[in-house]
Structure formats: C-alpha cells, structure tokens
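Structure at a glance
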Amino acid sequence: GLDIAALPRNVAETLSQLRKQEDAVIDSALAQLNRAGCGGIKMLILEDEPLYRAAVRNTIRKSEELHRMLTLYEAKTVSDAVQLIEKEDIRYAIVDIDLGDKKNGFDFLAELRDKFPGVSAMVHSNRTLKEDFDKAAALGAKSFVPKPLAIEHLISFLLADMPPAGAGKKKVVFACDDDELARRCMGLALKSALKDAEILVFSNAEDLLAGFRELAT
C-alpha cells in the first residue's frame, strides 16, 4: 500500500522547489546560447493548426531572453514554408507531420535535405509510432518531440546545433623577449576584440618553437 510517511509534508513547496530547479537549468541554457552569440535566430514553424502555432509563440514569449534572440516565421503548407526559407535566412524549422494538405511534414523534410541542408529541423507531432520517428530521423530531423512544445524542447533543439565549446576559436600568438611586455600584450588582448581568442604568449624563442609544435599536433 501507499506509505504516507514517505510523502512530502508540503507538496506545494516541493513542486515549487522543482520548478525553481527547472528554471535554473533553463536560465543556464539560455546563458550558454547568449555566450555563443545566438542572437538574431530565425526559426520557421510549419503547422496547419492555428492553436498550435499560437502555443509555440506563447512558449517563446514566456522567456524574455528567448523572445529577444529569436524571430518566428509561420507557414501552413509545405509550399509556403519553402518560399519563406528561400526568402529569409532561416536556420531552424519546427515541423508538424499532418498538415491537411497533399504534402506533409515528411515531404518538407525531404525538401530540406535536398535543397536546404543548412536548415536544422525538429519534428513536433502527436504521432507516436516508432516508424514515424525512424522516418523523420532518416530524412534528417534532429529531434522528434510531442505536442505541446515545451520551452525545454526548444532550447535543447538550439543547443544541439551549437558547435562544441572552443570550436573555431581563434588562436593568437605573441612572441616577446620581455616578461613585462608579454604580460601587457596579454592584458591588452583580453580587453580588446581578441577577448574571445585563445592567447598564447612566449617570452623566449625556445618556448615559442615548443608552442608552435604543440599547435601543429
């Protein structure tokens, strides 16, 4: 039977604590997107139901930070969605499968794969069959999430498309024969446009050659 003693004394308080923990995880993920320079994101939702399109808009608006960095475009049909992608620099797409049209979400995923390989797609559907998951993955979808769309799904979708930490990071080398000058170079670099670069400072020729050998490996 149910062990009453094992239940929390204050359910509301426990739920509030869990919500705070979830909010902290979301805030951390949003900060990570900000650090990665993910402002100006253009995202398309392909969905024939106005109610679900509105739900996605509301999910985005709930987060001031996410709303600031993301612009949402809406399409009801595959042809409308393709036209939007051709016109706008859209990088992400949320795709419903059943659109009440001749072409469905799978047809759109195929068009993305063949014509717009740079667009990342997430399927957002009430379908639950494994064959649907497998077909979406085979057509290039990054994820398959149920309706309604939660903000956690949206943020995970964006984070999954980010490059690994440090990828593409610039490396800048200063070679100085004076320790004090080397420290000044480092300080100036960190205060300038090079603040996101990996700064390597060497004060003698031997260390400089060793550093270049390390960069080459």
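1. A few points about the overall build of the chain
Each helix and strand in the chain was counted, giving nine helices and seven strands. Classification of the 217 residues of the chain by burial places 35% in the buried group. Considering only contacts within the chain whose residues lie at least 6 apart along the sequence, 69% involve residues at least 24 apart.

2. Things to note about the packing of aromatic side chains
Under the definition given, this model contains two aromatic pairs. Between Y92 and F157, the ring centres sit 5.4 Å apart and the planes meet at 80°, which makes this aromatic pair edge-to-face. Within this pair, whereas Y92 is found in strand β3 (residues 92–95), its partner F157 is found in helix α7 (residues 151–160), the two being separated by 65 residues in sequence. What makes Y92 buried here is its relative accessible area of 4%. Under the relative-accessibility criterion, F157 is labelled buried at 3%. When the ring of F133 is compared with that of F144, the centres are 4.4 Å apart and the planes differ by 65°; the resulting orientation is edge-to-face. Here the residue F133 occupies a position in helix α6 (residues 130–138), and F144 occupies one in strand β5 (residues 143–146), the gap between them amounting to eleven residues. What makes F133 partly exposed here is its relative accessible area of 35%. When the ring centre of Y52 is taken as reference, the NZ or CZ atom of K147 above it lies at 4.0 Å.

3. Here's the deal with the pattern of salt bridges
According to the stated counting rule, one finds eleven salt bridges in the structure shown. One salt bridge in this structure joins D134 and K130, with 2.6 Å as the shortest N-O distance. With D134 and K130 both in helix α6 and four residues apart, this pair spans about one turn of that helix. Note on D134: relative accessible area 38%, which makes it partly exposed. Members of the salt-bridge network, linked through shared partners, are E47, D96 and K147.

4. Remarks on the environment of L46
Structurally, L46 is set in strand β1 (residues 41–46). Residues L46 and G105, spaced 59 residues apart in sequence, show a C-alpha to C-alpha distance of 7.8 Å. Those residues in contact with L46 that sit more than four places away from it in its chain are A75, K76, T77, V78, A81, I94, V95, D96, L99 and F108.

5. Some details on unusual backbone geometry
The omega torsion across K147 and P148 is -5°, close enough to zero to call that bond cis. Secondary-structure assignment places P148 in the loop between β5 and α7.

6. Here's the deal with the environment of A81
Tracing the backbone through its elements, the reader meets A81 in helix α4 (residues 78–87). Classification of A81 as buried rests on a relative accessible area of 0%. Once the C-alpha coordinates of A81 and V95 are considered, the two residues, 14 residues apart in sequence, prove to be 9.8 Å apart. Filtering out sequence-adjacent residues up to four positions away, A81 remains in contact with L44, L46, A75 and F108.

Here is what the cut-offs are and how they apply
Residues numbered from 1 in each chain as written. Predicted model: local features only at pLDDT ≥ 70, side-chain atom pairs only at ≥ 80, totals over all residues. Heavy atoms only, no water. Helix = DSSP H or I, 4+ residues; strand = E, 2+ residues; numbered from the N terminus. Buried < 20%, exposed > 50% of the residue type's maximum accessible area, 1.4 Å probe, protein only. Contact = heavy atoms within 4.5 Å. Phe/Tyr/Trp six-rings, centres within 6.5 Å; stacked < 30°, edge-to-face > 60°. Lys NZ or Arg CZ within 6 Å of the ring centre and 35° of its normal. Salt bridge = Lys/Arg side-chain N within 4 Å of Asp/Glu carboxyl O.

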